[in-house]
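# A look at the structure
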Amino acid sequence: MKKDKRLDAVRLRSRHIVGPIIGNIIVVLTVAALLVTAILAIFGYICYFKTDVAVDNFENVIRVYETDGPSILSGWGIDSYIEDADGNVIFSSGTDTSDHGNPVTLMLIDEFVKHSDGKQYTAYPDSEGTLIRLMPSGYILFDFSEIIGIDDPDSISNDRGELLMPFWLSRKLDDGSVFYMKSNLGITMTDIVLLTAVTGISGFIILFASIIIHAGFISKIIRENKLVKLLFEDPVSHNHNWLWFLSKGKKLLKKRSNADVKFAVVSLTFVRYRNFVLCHSLEEGEIMLGKVYDQIATHLSRNEIVSHSTSSNFPMLMEYSEREALQKRLEDIICELEGIDQDHKFSFQAGVSFISDHFARNKDSDLDEEYNNASAARMTLSQKNDESGIAFFDSELVEHQKWIDKVNELQQKAVDNEEFQVYYQPKYDPRTDELRGAEALIRWQSPELGFVPPGQFIDIFENNGFITEIDHYMLEHVSRDQKKWLDEGLDLVPISVNVSRAHFVEIDLAEQIRDIVAGAGCPFKYIEIELTESAFFDDKKALTRTISKLQEYGFTVSMDDFGSGYSSLNSLKDLPLNVLKLDAGFFRDSSEDDRAKIVVSEAIKLAKHLHMKTVAEGVELKDQVDFLADEGCDMIQGYYYAKPMPGQDFEERMRSSSDSGEAADTETDKE
Ligand code: C2E
Ligand code: MG
Ligand code: MG
């Protein structure tokens, strides 16, 4: 949760450049429009003052008319006329005497109506003139057709080089008549230069500022995008990384929180990727990771994501409606990935954690934690084997994990307090029913956990490495028991002790075993070492060396669970073993299975040819005992004769071994 908040604080994401550029252009255009308005306003004020001059001039002409009469106006050639109160023209002068615009189109200008001297003036366009708003307070008249058309240059410019814009002014005289006079608004060269300069300089400033702002803005976006890329890009596969997954996944969950879909976090891993790198190269490995990433991505919908995190892990967020459908999709993805390279058959394992609760999604569900759960589910697969598979995180898994933690916590104390007990399961000769040997099997009598059978903790010890300590413990206790029984004058039989595959990495294993047994004072011939079939797939040379050394010291060595896993016929060829223990699976529910009988029979023959003794495990029925006796099986270890029992009970068995052969139903195992 905290990490999510930190991600929020960073708020980094790749930004698009086009949007901001368009935004900037809009800003620049708006500023330019404001500038044009300002320039027009300046122009308006210039016109305003010039119109004021025209009004003064008009007033002078009226004054002359009123004092000297109309004749003087005729001499001046001013375009003007006077209408009486009824609208009849009573005087006109100049060439243009009534060419002002249609009265309907005339516009009143406040400024003219209320001139400073209190007199009322009215302005009109010269012909079909246009009124444009140049000043906030009112209108100024322009006949654009004349300015723009310039069909009569004389009418629009005078000898002072002014651009003349004609318009009409009128004022009511005291006698009720109305005086009309054509005036001109002259725009001088200075006005134009001033305006051009203001426009040019402002335009340049806007352009310059816009370039600076644009450049700064764009380079900032580019820099940010680079940073985002660095943060969110996986340097190995050049795809999205874990941080991106957290950030994007959280947003997706929020966005789709009300949609009727459920999400699952998937932890998918490329099994034995390191091996691939070892056999090839890091570069080839990274290329392969990129391929895997791309392949996964082709299977995902728009609202699903994949990223590459540490080593060979691919966190994914997927939508689902039914668990089975999601499983099928993942199986398809894995199936395709297995064959991603023609020359190899890879394995992929996936763990799945469901985020089905809408409420949880709305409340910032913690992707980190969900991924951890998915990975925990995935790891249950890798603990068993390297094959492809899918595991789901559920309450059972949590319980199992808690159990593992508990065992881890208590294991050392259990050894120190001698909570582990040795149980013995006798082995009998099926032809004579005589006691021929026994296997030592561990039991845990825990004050906290109660009675715990080995199936519940041996795997855990094999995974956490504690198994080596346990095997030493068992070997030592069995050796001590044997020594004690020897001293008591009992007729000893060899007792086999299981030695885990995890031990065989130790080159001095044979010496360790020798020293422990010798330390207890037990003759080596009374101890047999059992290796599980799976151990034979490890370093065969080291294994052969250890077996040979053990035999040199006087121990017998057996292969446990023969036939339970992959065929180890090849191992039989290479390894100098003394005893072959046929797996209980042959006798489980197949007493009538002819094929199983054939296999068992042939396995016994094979062992005989290789000068090995045979022990059949898990035999519960008399028919099976008879069959094995006929086939020449040397020993039987099964419930038919006896279940595993505490040392004391086994001691009694030894004492009364002369009575062996009876089906033993003395159940002493507390399982
Ligand atoms: P394993 O070494 O193959 O031992 C034989 C298992 O078969 C024992 O289970 C035994 O109780 C069971 N069994 C024997 N006869 C019958 C039968 O007729 N019917 C049935 N249903 N079961 C029968 P257990 O004692 O539960 O041990 C399970 C496995 O745990 C052992 O298989 C061995 O792999 C491992 N284990 C037990 N003790 C030790 C130990 O001290 N060290 C190591 N490394 N592994 C041990
Ligand atoms: Mg065994
Ligand atoms: Mg076995």
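Residues numbered from 1 in each chain as written. Chains lettered and ligands numbered in written order. Predicted model: local features only at pLDDT ≥ 70, side-chain atom pairs only at ≥ 80, totals over all residues. Heavy atoms only, no water.

Moving on to the sheet that holds strand β8 (residues 262-271). Overall, mixed pairing links the five strands, which are arranged β9-β10-β8-β11-β12 in an open sheet. Unpaired on one side and paired on the other, β9 (305-306) and β12 (389-392) mark the two borders of the sheet. The sheet strands contacting helix α8 (residues 242-255) are β8, β9, β10 (313-320) and β11 (347-355), and the helix crosses β10 at an angle near 10 degrees. Against the sheet, helix α10 (residues 282-297) makes contact with β8, β9, β10 and β11, and its axis sits at roughly 0 degrees relative to β10, the strand it touches most. (Pairing = 2+ DSSP bridges. Helix = DSSP H or I, 4+ residues; strand = E, 2+ residues; numbered from the N terminus. Contact = heavy atoms within 4.5 Å. Axes fitted to C-alpha atoms, helices over the stretch in contact; angles between N-to-C directions.)

Attention now moves to the side chain of D471. The topology assignment puts D471 in helix α16 (residues 467-487). Not counting chain neighbours up to four residues away, the residues in contact with D471 comprise N498, V499, S500 and H503.

Turning to the packing of α8 against helix α13 (residues 367-384), a few remarks are in order. Taken N-terminus to C-terminus, the directions of α8 and α13 make an angle of 110 degrees; their axes are 10 Å apart at the nearest point. Classified by the angle between their axes, α8 and α13 sit roughly perpendicular to one another. Residue-level contacts link W242, F245, L246, G249, K250 and L253 of α8 to L367, D368 and Y371 of α13. Its residues assigned to classes, the contact of α8 with α13 shows six nonpolar, one polar and two charged. (Parallel < 35°, antiparallel > 145°, perpendicular 65-115°, else oblique. Nonpolar A, V, L, I, M, F, W, Y, C, P; charged D, E, K, R; others polar.)

Bringing the site of ligand 1 into the picture now. In the vicinity of ligand 1 lie 23 residues, with E439, R443, D560, E620 and Y639 positioned nearest. The side chain of N498 places a nitrogen or oxygen atom 3.0 Å from an oxygen atom of ligand 1. Here an oxygen atom of ligand 1 sits 3.1 Å away from a polar atom, N or O, in the side chain of D561. For ligand 1, the accessible surface in isolation is 800 Å², of which the surrounding protein chains cover 80%. Listed by contribution, the elements that provide at least two residues to the shell around ligand 1 are β14 (435-446), α16 and β18 (556-562). The greatest single-element share of the shell around ligand 1, amounting to four residues, is contributed by β14. Looking at the shell around ligand 1 residue by residue, the classes come out as nine nonpolar, six polar and eight charged. (Near = heavy atom within 4 Å. Polar contact = N/O pair within 3.5 Å; in protein donor to acceptor, adjacent residues only side chain to side chain. Areas by Shrake-Rupley, 256 points an atom, 1.4 Å probe, with all protein chains shown as cover.)

With that settled, consider the coordination of the magnesium ion (ligand 3). Only D560 (OD), D561 (OD), E617 (OE) and E617 (OE) from the protein reach the magnesium ion (ligand 3) as donors, at distances of 2.1 to 2.4 Å. Here the magnesium ion (ligand 3) and the magnesium ion (ligand 2) are spaced 3.9 Å apart, linked through D560, which binds each one. Taken as a pair, D561 in strand β18 and E617 in strand β20 (residues 613-617) lie far apart in primary sequence, 56 residues in all. Given the relative accessible area of 10%, E617 is considered buried. (Donors = N, O, S within 2.8 Å, 3.2 Å for Na, K, Ca; no water. Buried < 20%, exposed > 50% of the residue type's maximum accessible area, 1.4 Å probe, protein only.)

Here we take up the nonpolar core. F420, Y424, I470, I513, L582, L628 and F650 are the most contacted members of the largest nonpolar core, which totals 76 residues. Per-element tally for this core: the top contributor is α16, with seven residues. Each residue touching F650, except ones within four places of it in the same chain, is listed here: Y424, P426, L435, A438, W485, V493, I495 and M645. If you look at the next biggest cluster of nonpolar residues, it comprises 30 residues, including L268, Y293, F314 and L337. (Core = buried A, V, L, I, M, F, W, Y, C linked by side-chain atoms within 4.5 Å.)

This part takes up the coordination of the magnesium ion (ligand 2). For the magnesium ion (ligand 2), the full set of protein donor atoms is E439 (OE), N498 (OD1), E530 (OE) and D560 (OD), and the range of their distances to it is 2.0 to 2.2 Å. Binding-site remark: the magnesium ion (ligand 2) is held by donors from one chain whose sequence spacing is E-x58-N-x31-E-x29-D. When its relative accessible area of 25% is taken as the criterion, N498 is described as partly exposed. Take E530: its relative accessible area is 1%, and that puts it in the buried class.

This brings us to a nonpolar patch on the surface. Taken together, the side chains of I201, F204, I205, F208 and I212 make up a nonpolar region of the molecular surface, amounting to roughly 550 Å² of accessible area. Mapping I201 onto the fold places it in helix α7 (residues 189-232). You can call I201 exposed: its relative accessible area is 53%. (Patch = residues over 30% accessible without salt bridge, like charges linked within 9 Å, V, L, I, M, F, W, Y side chains within 5 Å. Salt bridge = Lys/Arg side-chain N within 4 Å of Asp/Glu carboxyl O.)

Burial runs high along β18: five of the seven residues are buried. Inspection of the sheet shows strand β17 (residues 527-532) paired to β18 by five bridges, in the parallel sense. Bridging across to β18, E530 finds its partner in S558. Where β18 meets strand β19 (residues 579-582), three bridges bridge the pair, whose relative direction is parallel. Note on β19: the bridge partner recorded for S558 is V579.

Time to look at the environment of D174. Here D174 shows up in the loop between β6 (163-172) and β7 (178-187). Along the primary structure D174 and E66 are separated by 108 residues, whereas in three dimensions their C-alpha atoms are 9.8 Å apart.

Read these as geometric descriptors, not functional statements.
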